[in-house]
Amino acid sequence: MTSLSPNPAPASCGGSCPLEQVRYACTLGAITSVIAIPGAQPITHCGPGCASKQFHALSGISGYQGGEFQVPSTNMGNREVIFGGADRLDTVIGATLKVMEADLFVVLSGCVPALIGDDVASVVSGYRKRGVPIVFAETNGYQGNNFTGHEIVARAIIDQYADDYAGPVQPGLVNVWSLLPYQNPFWRGDLEEIQRLLDGIGLEVNILFGHSSRGAEEWRQVPRAQFNLVLSPWLGLETARHLEQKYGQPFLHIPTVPIGARETGRFLRAVADFAGLDRDRVERFIAAEERRYYLYLRDFSAFYAGCTSQYQLPSALVVVSDSAYNLAVSAFMIDQLGLVPACHIITENPPEAERAGIVAAFRALSDDSEVPVYFAEDGYEIDRIVRATDLTGHLPIVFGTTWEDELAKALDAPLIEIGYPCTDEVVLSRSYIGYRGALHLIERIYTTVVRAETMG
Amino acid sequence: MTLNLKHPEAETREQRLGTITQWEGCASDLARDSAFTSGCGKAGRGAGGKRLCEQDSPLSQASMCAECIAVTNATIIQDSVVIQHSPIGCAASQSFTCRYYRDLAARRGWEVKNPQSICTNLTERDMVFGGVGKLEQAIRTAWARHRPKVIFVASSCSTGIIGDDIDSTAQALEAELGVTIVTLHCEGFKSKHWSSGWDVIEHGILRRLVRKDPPARQADLINVIHLGGPDVFSPLLEPLGLRVNLVMGGSPLDRLARMSEATATATMCFVLSYLATGLEQEYGVPEVKAPLPYGQDATDEWLRDIARMTGREDRVEALIARERARVAPELARLRRALAGKRGFVAAGAAFAHGLLADLRELGVTVDAAYSFHHDPSTDSGDPRQDSLSHLVETWGDVAHFTVSPDQHFQAHAALQRAKPDFVICRHTGSIAALAGRLGIPVLPIFYSNDGLGYDGLITIGRAILRILPRRRFYQDVAAHSSFPYQRWWKDETNPYALSIPAV
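Residues numbered from 1 in each chain as written. Chains lettered and ligands numbered in written order. Predicted model: local features only at pLDDT ≥ 70, side-chain atom pairs only at ≥ 80, totals over all residues. Heavy atoms only, no water.

Colleague: So what about the overall build of chain B? Which residues, and what values?
Modeller: A tally of regular secondary structure across chain B gives 21 helices and 13 strands. Here the C-alpha atoms of chain B give a radius of gyration of 23 Å, agreeing with the 23 Å that 2.2 N^0.38 yields for 503 residues. The contacts in chain B between residues at least 6 apart in sequence include a share of 73% that link residues at least 24 apart. When the accessible surface of chain B is totalled, it reaches about 17,200 Å², and 50% of it is carbon and sulfur. Charged side chains in chain B number 55 positive and 57 negative. The centres of these two groups are separated by 5 Å. (Helix = DSSP H or I, 4+ residues; strand = E, 2+ residues; numbered from the N terminus. Rg over C-alpha atoms; globule rule 2.2 N^0.38 Å. Contact = heavy atoms within 4.5 Å. Areas by Shrake-Rupley, 256 points an atom, 1.4 Å probe, with all protein chains shown as cover. Lys, Arg positive; Asp, Glu negative; His and termini not counted. Charge placed at Lys NZ, Arg CZ, Asp CG, Glu CD.)

The structure is reproduced here in structure tokens:
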């Protein structure tokens, strides 16, 4: 199997080349991170289509996730571009406070105010001084993507809203920084599963985003936590480092979001050790979860052994997604189901400083064969890399996005959509991680395989 | 008024037509005050009772932009590559345009594949030093990878503000590569309404993609400009011996090229009439001016107008009689089933007027509607295209007619006032989700040809009957969720309660 070295971005466009088949939103896309916090209300200061585009792309069409989108926006026009938009923002915030209700307002700015030099911070701080729970996140679209925007939003809420807390820490309380809401179509169910797992081993959890979060009140509790858990290859590290510096909170970084019993057991034991939890309780929880999990896996093994079917089961793994699910799914498919790593393309443009760590995490997945890892965001380039992969004798399966449909058909491989854009899945609470999610993932994969063979 | 096709930028709708986006009152007042006077600033030129002025609102909510419309409709043109010269966020629309194109292709029998679009992915450095270098790189990439027949280059708010000269870059590379490069000036901030995006793409098509030296008039070829979706026009026009050249909403380039050879152009929505007016102005292809074919009478007149323009009067009455007889039994059944139902229409301008006519012909009571913008005039300036007046004259007034650019809080108030049995709306934006959450069954029209012609009444009527039983779902959700508005706004029934009354 060919293995190219992880490819650096060409120098000619400074690491931000023109892109085909876009796989993330802009910094302002972090509006969805605000929407993901119960009781938080975004207000955007940007052009007329900016906020809707980000939301419709990340939520409306990707997994059809829905979510609350009644977002006040200045919808900047000629007048604001020529004369400045701060006054209009002031008017819109004032009207929002009169009409809408929320526990926390988050003002996000786009490209236009940054280019024309609006002083958004002073407009927002005027309201904050009057006791309005409102913060400002500078999310100019051209400064990054929705991953970096997510950390800007988190930091804005921490610095401008969370308690300036200097008291003792609350033992057993953990802040979780993990999957990116909406970008990952399964984030709602996944965060609930993470919370369930951590709760099961005796922690109290600030999950911070999603339906099981207590919303703004939970964010107030962030400084009290015993530690921060960064459960992703890199997203959340910047926030955790900031909290470490600000409150002296230590953090535990586990790059692999756990799928399946082996990985989840490792994850829970690592967390328990770090937090100093009662080991017996942790083992009791793991044992109970594993008992259920392995009963289902035992039943599934009849199908997987092929005694009841003539299906051609996939053997080689092609994964095209952002690093969190890429690493998580790859680990599960290699370690639990015994597939061969063939081509793993990371698509969210992670910070240069974090890339070596990501590659190392992939390299550790398999003793038998090297895991070919690439960084590529451009759809044309991704297609080229996958088609150049030697799959001789293998039956490939593709984990990717809607963009990979054409590619998967060309490879005669089933496609499991796991990332944005994900337009052929309707997702509610489905999770693919932990003990329970792993079973759903197996169902999804092999239902797709069976249907592909029987229904064409 | 003459369309200026010499300039690469289309004039915005508010400049050309006096388009407004915020208004509240009864439809007859809006029709009277519009009276083709070209809007507030140019009063006295027509017969308006008073100047047509806009409301103002201290609150506004995220809406849509012209860039999204222009780029989407460029992307679904076959054999093209669209370059969005912008930061990455503008290209978020690639994902839903992909979904749209694939769906469209499947319905129209084209190859289902990913549409081709590239974003120049501008960053902070480009904002400081300019982005034309990246644009050049993107155009070269598009050419090297796809060898398209046409490349569209769309501007964005950012590149408009920093002043990137996309036309010069496009011209230089067009000469060098030998491929047509069409610029689309669609900075979102330049027009207050997204429908200006239609004008931008149609301006580009008129300037660059229509064949400038048509060999001969094709007497049986009629252009039909539509928003997208199945071809409902050929079954109506083929019996007259006409071939339909269906354009926009996903067009092969040869169809766009031969528009100048056609014998006439019909539009399914006057919001898209820039192209039709331009074809008449530049190539003498006459535009069908009859009111849009929503409802039987209007469809009769539309067919008669087309027959007259194309010299087919001998066949048209038989066609009309046959079609009316064909739909009559089912129409009668639908009218019985829909009797006593109250509907609410939310769509864009002429399209909304058309759906209102459909509902009223189906026997549905509609006394409230919500239009995303309002054009007091059309580019042809022909009063027969005054679809709102036509609606009021044919079907009577609409007591509550709200113009609002898809503002959720205003639509909430309008629905609280109307309390309809169902909502029929154009799919985009917030209305469908809003109505559902208020416990109201909703019929979103994705493919906007659904309500046209004789069959349109059947299609819409049947669709309404399919969604009415879903009330049980929506009401259950409504009872268990709420919107983040304060109590007083939840009870408010005037969409413009926050506004200072218009002068």
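Colleague: So what's going on with the overall build of chain A? Residues and values would help.
Modeller: Counting its secondary structure elements, chain A contains 17 helices and 13 strands. A compact globule built from 456 residues would reach a C-alpha radius of gyration of about 23 Å, and chain A, at 22 Å, matches this within 12%. On the principal axes, the C-alpha backbone points of chain A span a range of 70 × 50 × 40 Å. A total of 456 residues make up chain A; the buried ones form 62% of that total. Long-range pairs, those at least 24 residues apart, make up 74% of the contacts in chain A with a sequence separation of at least 6. Looking at chain A as shown, the accessible area adds up to about 16,000 Å², and 50% of this sits on carbon and sulfur atoms. Side-chain charges of chain A comprise 34 positive and 53 negative groups, with the mean position of each set lying 4 Å from the other. (Buried < 20%, exposed > 50% of the residue type's maximum accessible area, 1.4 Å probe, protein only.)

Colleague: So what's going on with the sheet that holds strand 2 (residues 40-45) of chain A? Which residues, and what values?
Modeller: Residues and elements named next belong to chain A. Strand order across the open sheet formed by 3 strands is 2-3-4, with parallel pairing between neighbours. At either end of the open sheet lies a strand with only one pairing partner, and these are strand 2 and strand 4 (134-138). The sheet shows a mean angle of 25° between the axes of neighbouring strands, taken without regard to direction. The pairing of strand 3 (residues 104-109) with strand 4 spans 5 bridges and is classified as parallel. (Pairing = 2+ DSSP bridges. Axes fitted to C-alpha atoms, helices over the stretch in contact; angles between N-to-C directions.)

Colleague: Which residues make up the interface of chain B and chain A, and what values go with them?
Modeller: Facing the 61 residues of chain B at the interface are 65 residues of chain A. Taken over both partners, the interface formed by chain B and chain A buries close to 5,200 Å², and the fraction arising from carbon and sulfur atoms is 57%. At the junction of chain B and chain A, the tally comes to 6 salt bridges. Applying the counting rule to chain B against chain A returns 37 residue pairs in polar contact (both at pLDDT 80 or more). Of the residues forming the side of chain B that touches chain A, the biggest block, 7 residues, is contributed by helix 4 (residues 93-108) of chain B. For the side of chain B that touches chain A, the residue count by class is 28 nonpolar, 22 polar and 11 charged. Across 2 bridges, strand 1 (residues 19-20) of chain A lies against strand 3 (residues 117-119) of chain B in antiparallel orientation. (Buried area = accessible area lost by both parts, 1.4 Å probe. Salt bridge = Lys/Arg side-chain N within 4 Å of Asp/Glu carboxyl O. Polar contact = N/O pair within 3.5 Å; in protein donor to acceptor, adjacent residues only side chain to side chain. Nonpolar A, V, L, I, M, F, W, Y, C, P; charged D, E, K, R; others polar.)

Colleague: Could you give me a rundown of the confidence of the model for chain B, with the residues and numbers involved?
Modeller: Counting all residues, the mean pLDDT for chain B is 93, and 96% of those residues have values of 70 or more. Every residue in residues 38-50 of chain B is under pLDDT 50, and counting partners more than four places away or in other chains gives 24 contacts. (pLDDT = per-residue confidence, 0-100.)

Colleague: Talk me through the environment of Leu365(A); I want residue IDs and the actual numbers.
Modeller: Residue and element names in this part refer to chain A. Looking at the secondary structure, you find leucine 365 in the loop between helix 14 (352-363) and strand 11 (373-375). Placed 152 residues apart in sequence, leucine 365 and serine 213 show a C-alpha to C-alpha distance of 32 Å. In this structure, leucine 365 is in contact with Leu327, Ser330, Ala331, Ile334 and Val371, ignoring residues within four places of it in sequence.

Colleague: Which residues make up the nonpolar core, and what are the values?
Modeller: Core analysis: the biggest nonpolar cluster contains 279 residues, and Leu198(A), Leu229(A), Phe399(A), Tyr446(A) and Leu237(B) have the highest contact counts within it. Top contributing element to this core by residue count: helix 13 (residues 323-335) of chain A, with 9 residues. Among residues more than four places away in sequence, those in contact with Leu198(A) are Val174(A), Val176(A), Leu203(A), Val205(A), Leu229(A), Phe267(A), Leu268(A) and Val271(A). Counting 16 residues, the second largest nonpolar core, distinct from the first, contains Ala142(B), Trp143(B), Val153(B) and Val179(B). (Core = buried A, V, L, I, M, F, W, Y, C linked by side-chain atoms within 4.5 Å.)

Colleague: Tell me what's going on with unusual backbone geometry, and back it up with residues and numbers.
Modeller: All names here are of chain A. The omega torsion of the bond from tyrosine 420 to proline 421 falls at -5°, within 30 degrees of zero and hence cis. The residue asparagine 75 is not glycine, and still its phi comes out positive at about 45°. Looking at the secondary structure, you find asparagine 75 in the loop between helix 2 (50-60) and helix 3 (78-83). Overall, asparagine 75 belongs to the buried group, its relative accessible area being 17%. Of note in this structure, aspartate 412 is not a glycine but carries a positive phi near 55°. Overall, aspartate 412 belongs to the exposed group, its relative accessible area being 70%.

Colleague: Can you lay out the pattern of salt bridges for me, pointing to particular residues and giving the numbers?
Modeller: Oppositely charged side chains are able to pair whenever their charged atoms sit close together. Residues and elements named next belong to chain A. Following the criterion strictly, the structure yields 63 salt bridges over all chains and no others. Measuring nitrogen to oxygen at the nearest pair gives 3.3 Å for the salt bridge that ties arginine 298 to aspartate 299. Judged by relative accessible area, which is 46%, aspartate 299 ranks as partly exposed.

Colleague: Account for helix 19 (residues 453-467) of chain B, naming residues and giving values.
Modeller: Between the first and last C-alpha of helix 19 of chain B there are 22 Å, a value that for 15 residues agrees with the 21 Å anticipated at 1.5 Å per step. Buried within helix 19 of chain B we find Gly453(B), Tyr454(B), Gly456(B), Leu457(B), Ile458(B), Ile460(B), Gly461(B), Ala463(B), Ile464(B) and Ile467(B). (Expected span 1.5 Å × (residues − 1).)

Colleague: Residue-level account of empty space enclosed by the protein, with values.
Modeller: Applying the stated criterion across every chain yields a total of 8 cavities of 30 Å³ or more. Along the wall of the largest cavity there are 21 residues; nearest its centre are Cys50(A), Cys111(A), Gly89(B), Cys90(B) and Cys157(B). Among the secondary structure elements, those contributing two or more residues to the lining of the largest cavity are helix 2 and helix 5 (111-116) of chain A together with helix 7 (157-162) of chain B. At 3 residues, helix 2 of chain A tops the list of elements feeding residues into the lining of the largest cavity. Looking at the lining of the largest cavity residue by residue, the class counts come to 10 nonpolar, 9 polar and 2 charged. In this model, the second largest cavity occupies a volume close to 150 Å³. Along the walls of the second largest cavity sit 22 residues, with Asp375(B), Ser377(B), Thr378(B), Gln385(B) and Ser387(B) positioned nearest its centre. Split by residue class, the lining of the second largest cavity holds 10 nonpolar, 8 polar and 4 charged. (1 Å grid on protein atoms, 1.4 Å probe; cavity = no way out; pocket = protein on both sides within 12 Å on 5 of 7 lines; lining within 4 Å. Points joined across faces, edges and corners; volume = space filled by probe spheres on them.)

Colleague: Go over the packing of aromatic side chains, please, and point to the residues and values.
Modeller: Taken as a whole and judged by the stated rule, the model has 27 aromatic pairs over all chains. A centroid spacing of 6.3 Å and a plane angle of 35° characterise the contact between Tyr100(B) and Tyr447(B), whose relative ring orientation is tilted. Of this pair, Tyr100(B) sits in helix 4 while Tyr447(B) sits in the loop between strand 13 (442-445) and helix 19, and the two are 347 residues apart along the sequence. According to the relative accessible area criterion, Tyr100(B) is buried, its value standing at 12%. Among the residues examined, Tyr447(B) registers a relative accessible area of 6% and is labelled buried. Taken together, Phe300(A), Phe303(A), Tyr304(A), Tyr311(A) and Tyr446(A) form an aromatic cluster joined through their ring pairs. The ring of Tyr127(A) carries Arg130(A) above its face, with NZ or CZ at 4.6 Å from the centroid. (Phe/Tyr/Trp six-rings, centres within 6.5 Å; stacked < 30°, edge-to-face > 60°. Lys NZ or Arg CZ within 6 Å of the ring centre and 35° of its normal.)

Colleague: Help me get a handle on the sheet that holds strand 11 (residues 400-403) of chain B, residues and values and all.
Modeller: Residues and elements named next belong to chain B. Taking strand neighbours across the sheet as the criterion, the 6 strands line up as 1-11-10-9-12-13 in an open arrangement whose pairing is mixed. Each end of this open sheet is capped by a strand with a single partner; those strands are strand 1 (23-25) and strand 13. Here the average twist between neighbouring strands, direction ignored, is 10°. Bridge count between strand 12 (residues 422-426) and strand 13: 4 bridges; the pairing is parallel. Counted as the bridge partner of cysteine 425 is proline 444 from strand 13.

Colleague: How would you sum up the domain arrangement of chain A? Please name residues and give values.
Modeller: Residues and elements named next belong to chain A. Structurally, chain A comprises domain 1 (27-160), domain 2 (170-280) and domain 3 (311-425). Facing 23 residues of domain 1, the contacting portion of domain 2 comprises 26 residues. In total, about 2,300 Å² of surface goes out of reach between domain 1 and domain 2, with carbon and sulfur atoms giving 64% of it. Sorting the residues of domain 1 by area buried against domain 2 places Gln65, Glu151 and Ile158 first, and these three jointly supply 30% of that buried surface. Note that aspartate 159 and lysine 246 form a salt bridge whose closest N and O atoms lie 3.0 Å from each other. When contributions to the side of domain 1 that touches domain 2 are tallied by element, the ones reaching two or more residues are helix 1 (31-35), helix 2 and helix 7 (146-160). Here the residues of the side of domain 1 that touches domain 2 are counted per class, giving 10 nonpolar, 9 polar and 4 charged. (Domains from an automatic or database assignment.)

Colleague: Describe in detail the state of the cysteines, supporting the description with residues and values.
Modeller: Chemically, a disulfide is nothing more than a covalent bond linking the sulfur atoms of two cysteines. One pass over the full model with this rule turns up 0 disulfides over all chains. We note that Cys157(B) lacks a disulfide partner, and the nearest cysteine sulfur, in Cys50(A), lies 5.5 Å from it. (Disulfide = S-S within 2.5 Å.)

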